[in-house]
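Letter by letter, the chains look like this.
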Amino acid sequence: MNKAQLLRQLTSPLLGILVCILLLATFAAEPAQALASFFSDTFSSAYYFGSMLNTAAFLMIAGSGSALAIKSGNMNLGGEGQVYLGGFAGCLVLNAAKATNVAPIVAILLAALVSCAAGAAMAMLSALLKELRGARVLLTSFLVSAASIPIIDGLITASKSSADTNMLALPYIAESYRLPQLLAPSPLTMSFFAAVAICILLYAVMFHSTTGRKMQVWGLAPLFARYCGYSSAENSYLSLALSGALHALTGFFAIAGTYYTCHKGFYAGMGWNALNVALISAANPLAAIPTSLVLAWLFTSASRVSLTQGFSFDIAGIVQGVILFSIAISFRRKA
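Residues numbered from 1 in each chain as written. Predicted model: local features only at pLDDT ≥ 70, side-chain atom pairs only at ≥ 80, totals over all residues. Heavy atoms only, no water.

A few points about the overall build of the chain
Part 1: The secondary structure content of the chain amounts to 13 helices and zero strands.
Part 2: For 335 residues, the compact-globule estimate of 2.2 N^0.38 gives 20 Å, and the chain sits close to it at 20 Å.
Part 3: By its C-alpha atoms, the chain is 60 × 55 × 30 Å across when sized along the principal axes.
Part 4: Put simply, the chain has 335 residues, and 49% of those count as buried.
Part 5: A total of about 15300 Å² of accessible surface is found on the chain, and carbon and sulfur atoms cover 69% of it.
Part 6: Counting 17 positive and 9 negative side-chain charges, the chain places the centres of these two groups 16 Å from one another. (Helix = DSSP H or I, 4+ residues; strand = E, 2+ residues; numbered from the N terminus. Rg over C-alpha atoms; globule rule 2.2 N^0.38 Å. Buried < 20%, exposed > 50% of the residue type's maximum accessible area, 1.4 Å probe, protein only. Areas by Shrake-Rupley, 256 points an atom, 1.4 Å probe, with all protein chains shown as cover. Lys, Arg positive; Asp, Glu negative; His and termini not counted. Charge placed at Lys NZ, Arg CZ, Asp CG, Glu CD.)

A word on a nonpolar patch on the surface
Part 1: Where nonpolar side chains cluster on the molecular surface, the patch consists of Leu138, Leu139, Phe142, Leu143 and Trp272 and spans about 440 Å² of accessible area.
Part 2: Residue contributions to the nonpolar patch peak at four residues, all from helix α6 (residues 137-158).
Part 3: Note on placement: Leu138 falls in helix α6.
Part 4: Of the residues examined, Leu138 reaches a relative accessible area of 39% and is grouped as partly exposed. (Patch = residues over 30% accessible without salt bridge, like charges linked within 9 Å, V, L, I, M, F, W, Y side chains within 5 Å. Salt bridge = Lys/Arg side-chain N within 4 Å of Asp/Glu carboxyl O.)

Structural notes on α6
Part 1: An ideal rise of 1.5 Å per residue puts 32 Å on 22 residues; α6 measures up with 31 Å between its terminal C-alpha atoms.
Part 2: Buried within α6 are the following residues: Val137, Thr140, Ser141, Val144, Ser145, Ser148, Ile149, Ile152 and Ile156.
Part 3: Close packing links the buried residues of α6 with α4 (79-100), α5 (104-133) and α10 (232-259). (Expected span 1.5 Å × (residues − 1). Contact = heavy atoms within 4.5 Å.)

Regarding the packing of aromatic side chains
One pair of aromatic rings is described through two measures. These are the centre distance and the angle between the planes.
Part 1: All told, the structure shown has 14 aromatic pairs when counted by the stated rule.
Part 2: Residues Phe192 and Phe193 carry aromatic rings whose centres are separated by 5.6 Å and whose planes lie at 85° to one another, so their mutual orientation is edge-to-face.
Part 3: Measuring from centroid to centroid gives 6.3 Å for Phe266 and Tyr267, while their planes differ by 80°, and the two rings are edge-to-face. Assigned by exposure class, Phe266 and Tyr267 land together as buried.
Part 4: Positioned over the ring face of Tyr260 is Arg178, at 4.3 Å from the centre of the ring.
Part 5: Between Arg304 and the ring centre of Tyr48, over which it is positioned, the NZ or CZ distance is 5.7 Å. (Phe/Tyr/Trp six-rings, centres within 6.5 Å; stacked < 30°, edge-to-face > 60°. Lys NZ or Arg CZ within 6 Å of the ring centre and 35° of its normal.)

Notes on the pattern of salt bridges
Part 1: Within the structure shown, the criterion is met by one salt bridge.
Part 2: Ionic pairing is found between Arg304 and Asp41, a salt bridge with its closest N-O pair at 3.9 Å. Of the two residues, Arg304 sits in helix α12 (residues 288-308) while Asp41 sits in the loop between α2 (31-40) and α3 (46-71), which places them 263 residues apart along the sequence.
Part 3: Classification of Asp41 as partly exposed rests on a relative accessible area of 30%.

Put into C-alpha coordinates, the structure is as follows:
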(Lines give C-alpha, C1' and ligand atoms only; values in the text may rest on other atoms or scores of the structure.)
Protein backbone atom coordinates (compact mmCIF):
# COMPACT_ATOMS: atom_id res chain seq x y z
CA MET A 1 0.00 0.00 0.00
CA ASN A 2 1.47 3.37 -1.02
CA LYS A 3 1.28 6.58 0.98
CA ALA A 4 -1.57 7.99 -1.08
CA GLN A 5 -3.74 4.92 -0.45
CA LEU A 6 -2.90 4.95 3.27
CA LEU A 7 -3.78 8.64 3.53
CA ARG A 8 -7.06 8.06 1.70
CA GLN A 9 -8.00 5.27 4.11
CA LEU A 10 -7.11 7.37 7.17
CA THR A 11 -9.09 10.38 5.96
CA SER A 12 -12.51 9.13 7.11
CA PRO A 13 -11.68 8.26 10.75
CA LEU A 14 -9.55 11.40 11.06
CA LEU A 15 -12.47 13.46 9.76
CA GLY A 16 -14.72 11.79 12.33
CA ILE A 17 -12.29 12.74 15.12
CA LEU A 18 -12.13 16.30 13.80
CA VAL A 19 -15.94 16.57 13.80
CA CYS A 20 -15.98 15.34 17.41
CA ILE A 21 -13.43 17.94 18.43
CA LEU A 22 -15.38 20.74 16.73
CA LEU A 23 -18.68 19.69 18.33
CA LEU A 24 -17.12 19.46 21.79
CA ALA A 25 -15.35 22.81 21.39
CA THR A 26 -18.61 24.42 20.29
CA PHE A 27 -21.27 22.87 22.52
CA ALA A 28 -19.54 21.50 25.64
CA ALA A 29 -19.88 23.54 28.83
CA GLU A 30 -16.19 22.93 29.57
CA PRO A 31 -14.50 22.25 26.20
CA ALA A 32 -11.00 21.56 27.55
CA GLN A 33 -12.25 19.02 30.07
CA ALA A 34 -14.54 17.42 27.48
CA LEU A 35 -11.70 17.05 24.97
CA ALA A 36 -9.37 15.52 27.56
CA SER A 37 -12.14 13.12 28.58
CA PHE A 38 -12.82 12.22 24.96
CA PHE A 39 -9.26 11.10 24.30
CA SER A 40 -8.41 9.39 27.58
CA ASP A 41 -11.33 8.36 29.77
CA THR A 42 -12.43 5.38 27.67
CA PHE A 43 -9.18 3.64 28.61
CA SER A 44 -9.45 4.47 32.32
CA SER A 45 -12.81 2.81 32.89
CA ALA A 46 -13.31 -0.97 32.85
CA TYR A 47 -16.88 -0.51 31.66
CA TYR A 48 -16.10 1.77 28.73
CA PHE A 49 -12.92 -0.05 27.75
CA GLY A 50 -14.80 -3.36 27.70
CA SER A 51 -17.65 -1.73 25.78
CA MET A 52 -15.15 -0.46 23.22
CA LEU A 53 -13.71 -3.95 22.68
CA ASN A 54 -17.22 -5.38 22.49
CA THR A 55 -18.18 -2.86 19.82
CA ALA A 56 -14.95 -3.62 17.97
CA ALA A 57 -15.91 -7.31 17.95
CA PHE A 58 -19.22 -6.53 16.23
CA LEU A 59 -17.44 -4.32 13.70
CA MET A 60 -14.81 -6.98 12.95
CA ILE A 61 -17.27 -9.82 12.36
CA ALA A 62 -19.77 -7.89 10.28
CA GLY A 63 -17.01 -5.86 8.64
CA SER A 64 -15.20 -8.99 7.47
CA GLY A 65 -18.52 -10.16 6.01
CA SER A 66 -18.83 -6.90 4.08
CA ALA A 67 -15.20 -7.17 2.97
CA LEU A 68 -15.77 -10.66 1.57
CA ALA A 69 -18.78 -9.48 -0.42
CA ILE A 70 -16.88 -6.48 -1.81
CA LYS A 71 -13.86 -8.54 -2.82
CA SER A 72 -16.10 -10.99 -4.71
CA GLY A 73 -17.85 -8.20 -6.62
CA ASN A 74 -21.12 -8.54 -4.71
CA MET A 75 -21.74 -5.39 -2.68
CA ASN A 76 -23.93 -6.51 0.22
CA LEU A 77 -26.02 -3.62 1.54
CA GLY A 78 -28.36 -5.86 3.51
CA GLY A 79 -26.28 -5.99 6.66
CA GLU A 80 -28.88 -4.34 8.90
CA GLY A 81 -31.57 -6.90 8.13
CA GLN A 82 -29.13 -9.81 8.32
CA VAL A 83 -27.89 -8.72 11.75
CA TYR A 84 -31.49 -8.31 12.94
CA LEU A 85 -32.56 -11.70 11.60
CA GLY A 86 -29.53 -13.39 13.17
CA GLY A 87 -30.33 -11.89 16.56
CA PHE A 88 -34.02 -12.79 16.24
CA ALA A 89 -33.34 -16.40 15.25
CA GLY A 90 -30.70 -16.85 17.94
CA CYS A 91 -32.98 -15.45 20.64
CA LEU A 92 -35.82 -17.78 19.61
CA VAL A 93 -33.53 -20.81 19.83
CA LEU A 94 -32.14 -19.84 23.24
CA ASN A 95 -35.62 -19.22 24.62
CA ALA A 96 -36.80 -22.57 23.28
CA ALA A 97 -33.74 -24.24 24.80
CA LYS A 98 -34.71 -22.87 28.21
CA ALA A 99 -38.17 -24.41 27.90
CA THR A 100 -36.74 -27.83 26.98
CA ASN A 101 -33.76 -27.78 29.39
CA VAL A 102 -31.10 -28.16 26.69
CA ALA A 103 -27.51 -28.01 27.95
CA PRO A 104 -26.25 -24.38 27.74
CA ILE A 105 -23.19 -25.11 25.56
CA VAL A 106 -25.33 -27.11 23.11
CA ALA A 107 -28.00 -24.41 23.04
CA ILE A 108 -25.48 -21.63 22.42
CA LEU A 109 -23.77 -23.48 19.57
CA LEU A 110 -27.13 -24.43 18.04
CA ALA A 111 -28.38 -20.84 18.29
CA ALA A 112 -25.21 -19.54 16.61
CA LEU A 113 -25.60 -22.05 13.76
CA VAL A 114 -29.27 -21.22 13.27
CA SER A 115 -28.46 -17.50 13.26
CA CYS A 116 -25.75 -17.99 10.63
CA ALA A 117 -28.06 -20.14 8.49
CA ALA A 118 -30.80 -17.51 8.64
CA GLY A 119 -28.45 -14.70 7.61
CA ALA A 120 -26.94 -16.83 4.84
CA ALA A 121 -30.40 -17.64 3.48
CA MET A 122 -31.37 -13.96 3.36
CA ALA A 123 -28.19 -13.00 1.52
CA MET A 124 -28.46 -15.94 -0.88
CA LEU A 125 -31.82 -14.60 -2.06
CA SER A 126 -29.88 -11.76 -3.69
CA ALA A 127 -27.51 -14.30 -5.25
CA LEU A 128 -30.51 -16.20 -6.61
CA LEU A 129 -32.00 -13.06 -8.14
CA LYS A 130 -28.62 -12.19 -9.64
CA GLU A 131 -28.10 -15.59 -11.26
CA LEU A 132 -31.68 -16.10 -12.46
CA ARG A 133 -32.70 -12.55 -13.41
CA GLY A 134 -29.45 -10.59 -13.61
CA ALA A 135 -30.52 -8.31 -10.74
CA ARG A 136 -27.89 -6.18 -9.08
CA VAL A 137 -26.88 -7.46 -5.64
CA LEU A 138 -26.30 -3.93 -4.38
CA LEU A 139 -29.98 -3.12 -4.95
CA THR A 140 -31.65 -6.43 -4.06
CA SER A 141 -29.67 -6.94 -0.84
CA PHE A 142 -30.78 -3.52 0.39
CA LEU A 143 -34.42 -4.08 -0.60
CA VAL A 144 -34.62 -7.54 0.97
CA SER A 145 -33.12 -6.16 4.17
CA ALA A 146 -35.47 -3.19 4.24
CA ALA A 147 -38.47 -5.47 3.69
CA SER A 148 -37.39 -7.95 6.37
CA ILE A 149 -37.02 -5.42 9.18
CA PRO A 150 -40.75 -4.56 9.57
CA ILE A 151 -41.59 -8.26 9.22
CA ILE A 152 -39.28 -9.13 12.13
CA ASP A 153 -40.75 -6.21 14.09
CA GLY A 154 -44.19 -7.70 13.52
CA LEU A 155 -43.06 -11.17 14.56
CA ILE A 156 -41.64 -9.78 17.81
CA THR A 157 -44.92 -8.01 18.54
CA ALA A 158 -46.99 -11.09 17.66
CA SER A 159 -44.87 -13.43 19.79
CA LYS A 160 -46.05 -12.03 23.13
CA SER A 161 -47.75 -14.68 25.29
CA SER A 162 -46.89 -13.75 28.87
CA ALA A 163 -47.33 -10.74 31.12
CA ASP A 164 -43.64 -10.36 31.94
CA THR A 165 -42.71 -9.37 28.38
CA ASN A 166 -43.50 -6.35 26.23
CA MET A 167 -44.27 -5.63 22.61
CA LEU A 168 -40.79 -4.28 21.87
CA ALA A 169 -38.69 -7.36 22.59
CA LEU A 170 -38.66 -11.13 22.88
CA PRO A 171 -38.43 -12.64 26.40
CA TYR A 172 -35.04 -12.30 28.05
CA ILE A 173 -32.57 -15.16 27.64
CA ALA A 174 -32.01 -17.19 30.81
CA GLU A 175 -28.74 -16.39 32.60
CA SER A 176 -27.35 -19.88 32.00
CA TYR A 177 -27.67 -19.35 28.23
CA ARG A 178 -25.89 -16.00 28.15
CA LEU A 179 -22.26 -15.55 27.15
CA PRO A 180 -20.19 -14.87 30.29
CA GLN A 181 -18.71 -11.41 30.82
CA LEU A 182 -14.92 -11.16 30.73
CA LEU A 183 -14.55 -7.63 32.10
CA ALA A 184 -17.48 -6.87 34.38
CA PRO A 185 -19.48 -4.69 34.43
CA SER A 186 -18.80 -4.19 30.71
CA PRO A 187 -20.54 -6.38 28.10
CA LEU A 188 -17.21 -7.76 26.81
CA THR A 189 -17.41 -11.50 26.07
CA MET A 190 -15.42 -14.12 24.17
CA SER A 191 -16.94 -12.66 20.99
CA PHE A 192 -13.92 -10.32 20.81
CA PHE A 193 -11.47 -13.21 20.51
CA ALA A 194 -13.81 -15.02 18.12
CA ALA A 195 -13.90 -11.88 15.98
CA VAL A 196 -10.10 -11.66 15.76
CA ALA A 197 -9.92 -15.36 14.83
CA ILE A 198 -12.59 -14.91 12.14
CA CYS A 199 -10.69 -11.98 10.58
CA ILE A 200 -7.45 -13.96 10.49
CA LEU A 201 -9.14 -17.06 9.08
CA LEU A 202 -11.02 -15.09 6.43
CA TYR A 203 -7.82 -13.31 5.42
CA ALA A 204 -6.13 -16.68 4.91
CA VAL A 205 -9.07 -17.91 2.81
CA MET A 206 -9.33 -14.77 0.70
CA PHE A 207 -5.64 -14.25 -0.01
CA HIS A 208 -4.08 -17.70 0.32
CA SER A 209 -6.57 -20.13 -1.20
CA THR A 210 -7.73 -20.92 -4.71
CA THR A 211 -11.35 -20.16 -3.84
CA GLY A 212 -10.41 -16.78 -2.41
CA ARG A 213 -8.33 -15.83 -5.44
CA LYS A 214 -11.21 -16.75 -7.75
CA MET A 215 -13.51 -14.50 -5.71
CA GLN A 216 -11.08 -11.62 -6.08
CA VAL A 217 -10.88 -12.15 -9.84
CA TRP A 218 -14.68 -11.90 -9.99
CA GLY A 219 -14.49 -8.66 -8.04
CA LEU A 220 -11.71 -7.12 -10.12
CA ALA A 221 -12.45 -8.42 -13.64
CA PRO A 222 -15.73 -10.35 -14.03
CA LEU A 223 -15.33 -10.70 -17.80
CA PHE A 224 -11.89 -12.23 -17.35
CA ALA A 225 -13.32 -14.56 -14.68
CA ARG A 226 -15.92 -15.80 -17.19
CA TYR A 227 -13.19 -16.22 -19.81
CA CYS A 228 -11.26 -18.37 -17.32
CA GLY A 229 -14.32 -20.56 -16.82
CA TYR A 230 -14.90 -19.63 -13.18
CA SER A 231 -18.44 -20.33 -12.00
CA SER A 232 -20.49 -17.19 -11.47
CA ALA A 233 -23.09 -19.08 -9.42
CA GLU A 234 -20.45 -20.54 -7.11
CA ASN A 235 -18.95 -17.10 -6.51
CA SER A 236 -22.32 -15.42 -5.89
CA TYR A 237 -23.85 -18.03 -3.61
CA LEU A 238 -20.71 -18.76 -1.61
CA SER A 239 -19.59 -15.17 -1.05
CA LEU A 240 -23.05 -13.86 -0.18
CA ALA A 241 -23.87 -16.84 2.03
CA LEU A 242 -20.69 -16.26 4.05
CA SER A 243 -21.29 -12.51 4.15
CA GLY A 244 -24.86 -12.97 5.39
CA ALA A 245 -23.78 -15.58 7.93
CA LEU A 246 -21.13 -13.27 9.41
CA HIS A 247 -23.61 -10.40 9.70
CA ALA A 248 -26.10 -12.73 11.39
CA LEU A 249 -23.40 -14.04 13.73
CA THR A 250 -22.88 -10.44 14.80
CA GLY A 251 -26.56 -10.29 15.69
CA PHE A 252 -26.28 -13.51 17.67
CA PHE A 253 -23.33 -12.23 19.71
CA ALA A 254 -25.21 -8.99 20.35
CA ILE A 255 -28.26 -10.72 21.85
CA ALA A 256 -26.37 -13.51 23.63
CA GLY A 257 -23.68 -11.35 25.23
CA THR A 258 -24.86 -7.74 25.32
CA TYR A 259 -28.63 -7.22 25.20
CA TYR A 260 -29.83 -10.69 26.34
CA THR A 261 -32.93 -10.26 24.22
CA CYS A 262 -33.87 -9.35 20.66
CA HIS A 263 -35.45 -5.93 20.89
CA LYS A 264 -36.60 -3.71 18.07
CA GLY A 265 -33.80 -1.52 16.76
CA PHE A 266 -30.81 -3.24 18.39
CA TYR A 267 -29.28 -3.69 14.92
CA ALA A 268 -29.40 0.04 14.07
CA GLY A 269 -26.14 1.21 12.53
CA MET A 270 -24.38 -2.17 12.72
CA GLY A 271 -24.67 -2.94 9.03
CA TRP A 272 -23.57 0.50 7.86
CA ASN A 273 -20.71 0.68 10.35
CA ALA A 274 -19.55 -2.73 9.14
CA LEU A 275 -19.54 -1.36 5.60
CA ASN A 276 -17.45 1.58 6.85
CA VAL A 277 -14.92 -0.88 8.27
CA ALA A 278 -14.74 -2.85 5.03
CA LEU A 279 -14.27 0.25 2.86
CA ILE A 280 -11.71 1.93 5.13
CA SER A 281 -9.70 -1.29 5.39
CA ALA A 282 -9.80 -1.79 1.60
CA ALA A 283 -11.83 -5.00 2.11
CA ASN A 284 -8.91 -6.66 3.88
CA PRO A 285 -10.12 -8.73 6.89
CA LEU A 286 -6.75 -8.42 8.61
CA ALA A 287 -6.81 -4.63 8.29
CA ALA A 288 -10.36 -4.72 9.65
CA ILE A 289 -8.96 -5.49 13.12
CA PRO A 290 -7.17 -2.15 13.73
CA THR A 291 -9.85 -0.28 11.77
CA SER A 292 -12.57 -1.71 14.03
CA LEU A 293 -10.62 -0.84 17.16
CA VAL A 294 -10.18 2.77 16.04
CA LEU A 295 -13.83 3.21 15.07
CA ALA A 296 -15.02 1.45 18.24
CA TRP A 297 -12.92 3.84 20.33
CA LEU A 298 -14.30 6.80 18.40
CA PHE A 299 -17.95 5.74 18.73
CA THR A 300 -17.61 4.75 22.40
CA SER A 301 -15.79 7.95 23.36
CA ALA A 302 -18.26 10.11 21.45
CA SER A 303 -21.26 8.41 23.09
CA ARG A 304 -19.71 8.68 26.55
CA VAL A 305 -18.88 12.38 26.18
CA SER A 306 -22.39 13.08 24.84
CA LEU A 307 -23.79 11.48 27.99
CA THR A 308 -21.45 13.08 30.53
CA GLN A 309 -21.68 16.54 28.96
CA GLY A 310 -25.48 16.42 28.81
CA PHE A 311 -25.73 16.96 25.05
CA SER A 312 -29.25 17.00 23.61
CA PHE A 313 -28.00 15.17 20.48
CA ASP A 314 -25.94 12.04 19.83
CA ILE A 315 -22.40 12.89 18.73
CA ALA A 316 -21.69 9.26 17.84
CA GLY A 317 -24.54 9.21 15.32
CA ILE A 318 -23.24 12.37 13.65
CA VAL A 319 -19.71 10.92 13.50
CA GLN A 320 -20.98 7.69 11.91
CA GLY A 321 -22.80 9.70 9.26
CA VAL A 322 -19.78 11.88 8.55
CA ILE A 323 -17.52 8.85 8.11
CA LEU A 324 -19.93 7.11 5.73
CA PHE A 325 -20.47 10.35 3.77
CA SER A 326 -16.73 10.97 3.43
CA ILE A 327 -16.20 7.41 2.19
CA ALA A 328 -18.97 7.85 -0.37
CA ILE A 329 -17.38 11.07 -1.64
CA SER A 330 -13.99 9.36 -1.87
CA PHE A 331 -15.37 6.52 -3.96
CA ARG A 332 -17.35 8.89 -6.14
CA ARG A 333 -14.18 10.87 -6.82
CA LYS A 334 -12.27 7.73 -7.82
CA ALA A 335 -15.11 6.63 -10.09
